[in-house]
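# Notes for the structure review
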Amino acid sequence: MRKFFTLLGREVRSYFYSPIAYIVLVFFLLVCGVNFYFQITYMNQRPMAYTVEEAFFNNVFFWFAFVLIFPLITMRVFAEEFKLGTIEPLLTAPVRDWQVVLSKFFGALIFYLVLWAPTALYFLFFERVTHQTAAGSWGAYWGSYLLLLLLGSFYISIGCFASVLTKNQIIAAIISFAVITMLFFLGLIQFIMLDVSSSMRDVLGYFSAIEHMGTLSRGIIDTRPIVFYTSMTIVMLVLTHQAFQTRKWRL
Amino acid sequence: MIKVENLTKRYAGTTAIRDLSFEVGQGEIMGFLGPNGAGKSTTMRILAGFMPPTSGRASVAGFDVFSQSLQARAHLGYMPENVPLYNDMRVTEYLNYRAALKGVPHRRVKERVGDVQELCGLKDVEKRLIATLSKGYRQRVGLADALVAEPDLLILDEPTIGLDPNQIRQVRELIKNLGKQHTILLSTHILPEVEMTCSRVIIVHKGRIEACDTPENLLGQIRQAGGVVVEAKTGSDNGVEELKKISGVRDVSSDVAGDWKTFSLRVESGVDVREEIYRLATARHWTLRELSQRRATLEDVFVEITHTEVSA
């Protein structure tokens, strides 16, 4: 366990050693801030049927910023080690492969959570300044941030998998960006293909991150996405572990 | 300490090493010698548990490097070729991290890291970013990393490559001293290095072991096979042609400096051609200034071995 935490510590620190982390942080928060400002301004002009919190998590600004951050966070995790050759001292130390894989995954997840943490302040400031509630209930906050965690875990595991396949960070980023974008917007197909059967719509709806966000940000904690994303994360991590091991045979 | 049996590694299309078998005993400094691409790094990577062999088996401290990889890795310190390091970390920080990763007990990390920094001459750069270090210092960080967990066995892949002559001397001294407590397997293609530091030598060529003995014995085998140096004024003669006619001379190269020509002769084992050369010189009225037999070096052993391989 100590070895895992040693690896994890290095992973998390390595994010903050590179300027990329701060650039991602600044621009992500900028987009989120602009998004928040737009939503409030928009809602100020007419009566709306949803809360500020729902509006914040369910719009195009949020979606684009959201799918973009994963390739940026995960592209380097394995690819950089392969490129620099640091994988050699790493794997000749007495550590297990799964310790390496999990430390990379949780390292990225921790950075992702650091990225999101400041957005919670938006709602706090909103309530302080306007003396209005930003969300329908506490459950809405829990729901939204729970889904961010679940979706984040799944997409980070996809990013880790893409990164283990190559020693080129750009290739890793493109693979994970393509896969994550397609998965994320899969749910939108039902609006484009109007003639799809209703059972097909149900299936697509089950995969639709946008739909999940719609439900959970209202404070309705649905267990289906929880099970879905948790199990998919585990599947992707197992695949990453397998791919990592086979890479050793091909080095 | 190391036991290798019929080790073979094939990459797509090429065979890096074939059927390698050797043993390294406790406390030995084993030199692994061969031209570039002979399979030295491949063998060391397999021993360090970095990649599995295609066939055959290898064990370190009694643990199979493949099936008991974790225990085997816990017994060795490995310094890869070109020493890949995390550029964004500081020297002490990196060594602390490596020590923890290798299972050095928490309360001993500080002491161990201090010791290896002292030993490898890293004290004055301990707070520097690894990215800003020169090649020589990076090499020392790699060596400190290999040593930090006090392994029984050190595997060093080209430990002196890219260093300046002073640093090379220091590293050699260091390795010699380390050899008192550790078993060492080091690879190099620099011959004097092996002669100076190693107690036994394995010469690999094209993935095969060509020779395995002490440096003294290897030299003894071809003591005579060294060379003869002749420095003479040959007048109108070319010199090379005449010298080549002497039986036992394999190869002549010449170097001209004014009137004086220096000939380097490679001769066959067990033949002394100096008398013949003297006779030739008097017959052709050459002025001789030097006629000496060069002491055979491992270089000659090496050329001998790889030469026969090529002509075979």
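The structure we're discussing is the one just above.
Now for a description of the structure that goes with this document. Computed from a predicted model, the values in this text were never measured in an experiment. (Residues numbered from 1 in each chain as written. Chains lettered and ligands numbered in written order. Predicted model: local features only at pLDDT ≥ 70, side-chain atom pairs only at ≥ 80, totals over all residues. Heavy atoms only, no water.)

### Focus: the interface of chain B and chain A
Put simply, the rule is: Residue contacts are defined here by distance: any two heavy atoms, one from each residue, within 4.5 Å place the two residues in contact. Buried surface area refers to the total accessible area, computed with a probe of radius 1.4 Å, that the two partners give up upon joining, counted for both partners together. Every case where a carboxyl oxygen of Asp or Glu lies within 4 Å of a side-chain nitrogen of Lys or Arg is listed as a salt bridge. Polar contacts, as used here, are pairs of N or O atoms within 3.5 Å; protein pairs need one atom able to donate a hydrogen and one able to accept it. Residues neighboring in sequence count only if both atoms are side-chain atoms.
On the side of chain A, 25 residues touch chain B, which itself brings 31 residues to the contact. The contact between chain B and chain A buries some 2700 Å² in all, and 60% of this surface belongs to carbon and sulfur atoms. When the buried area of chain B at its contact with chain A is split by residue, Phe50, Tyr86 and Leu101 of chain B rank highest and sum to 25% of it. Our enumeration of links across chain B and chain A arrives at 3 salt bridges. Ionic pairing is found between Arg10 of chain A and Asp88 of chain B, a salt bridge with its closest N-O pair at 3.3 Å. At the junction of chain B and chain A, the tally comes to 11 residue pairs in polar contact (both at pLDDT 80 or more).

### Topic: the sheet that holds strand E7 (residues 153-157) of chain B
Hydrogen bonding along the main chain pairs the strands of a sheet, whether they run parallel or antiparallel. Residues and elements named next belong to chain B. Our working rule: At least two bridges found by DSSP between two strands is the condition for calling them paired. A run of H or I in DSSP counts as a helix once it spans at least four residues, and a run of E counts as a strand once it spans at least two, with each numbered from the N terminus. The axes used here are C-alpha line fits, helices contributing only the stretch in contact, and every angle between their N-to-C directions lies in the interval 0 to 180 degrees.
The strand order E6-E7-E8-E3-E9-E10 describes an open sheet built from 6 strands, whose pairing is mixed. Looking at strand neighbours, the two that pair on one side only are strand E6 (76-79) and strand E10 (208-213), the edges of this open sheet. Strand after strand, the sheet turns through a mean of 15° between neighbouring axes, direction not considered. Pairing of strand E3 (residues 29-33) with strand E9 (residues 200-205) involves 4 bridges; the strand directions are parallel. Opposite Met30, over in E9, you have Arg200 as the bridge partner. Strands in contact with helix H1 (residues 40-47) are E3, E6, E7, strand E8 (183-188) and E9; relative to E8, the strand with the most contacts, it is inclined by about 150°. Strands E6 and E7 of the sheet are contacted by helix H5 (residues 135-147), whose axis makes an angle of about 165° with E6.

### Thoughts on the packing of helix H9 (residues 138-164) of chain A against helix H10 (residues 169-185) of chain A
All names here are of chain A. Spelled out, the test is: Crossing handedness: left-handed means the near helix sits turned counterclockwise from the far one by under a right angle, and right-handed means the same turn made clockwise. Gly is placed with the polar residues, together with every amino acid not listed as nonpolar (Ala, Val, Leu, Ile, Met, Phe, Trp, Tyr, Cys and Pro) or charged (Asp, Glu, Lys and Arg).
Two numbers describe how H9 lies on H10: the axes approach to 8 Å, and their chain directions differ by 145°. Judged by the twist between their axes, the crossing of H9 over H10 is right-handed. Between H9 and H10, the contacting residues are Leu151, Phe154, Tyr155, Ile158, Gly159, Ala162 and Ser163 on the first element and Ala172, Ile175, Ser176, Val179, Ile180, Leu183 and Phe184 on the second. A class-by-class count of the residues in the contact of H9 with H10 yields 11 nonpolar, 3 polar and no charged.

### Focus: the pattern of salt bridges
Here is the rule: Each residue's exposure class comes from its accessible area (1.4 Å probe, protein chains only) as a fraction of the maximum for that residue type: buried when under 20%, exposed when over 50%, partly exposed otherwise.
Applying the stated criterion across every chain, the model contains 22 salt bridges over all chains. Ionic pairing is found between Asp222 of chain A and Arg224 of chain A, a salt bridge with its closest N-O pair at 3.1 Å. Look at Arg224 of chain A and you get exposed, because its relative accessible area is 51%. Among the salt bridges present, the one from Arg279 of chain B reaches Glu275 of chain B, with a minimum N-O distance of 3.0 Å. Of this pair, Arg279 of chain B and Glu275 of chain B both sit in helix H10 (residues 274-284), separated by 4 residues, roughly a single helical turn. Classification of Arg279 of chain B as partly exposed rests on a relative accessible area of 44%. On the basis of relative accessibility, which here comes to 57%, the residue Glu275 of chain B falls in the exposed class. The network of salt bridges with shared partners includes Arg108, Glu111, Arg112, Asp115 and Glu150 of chain B.

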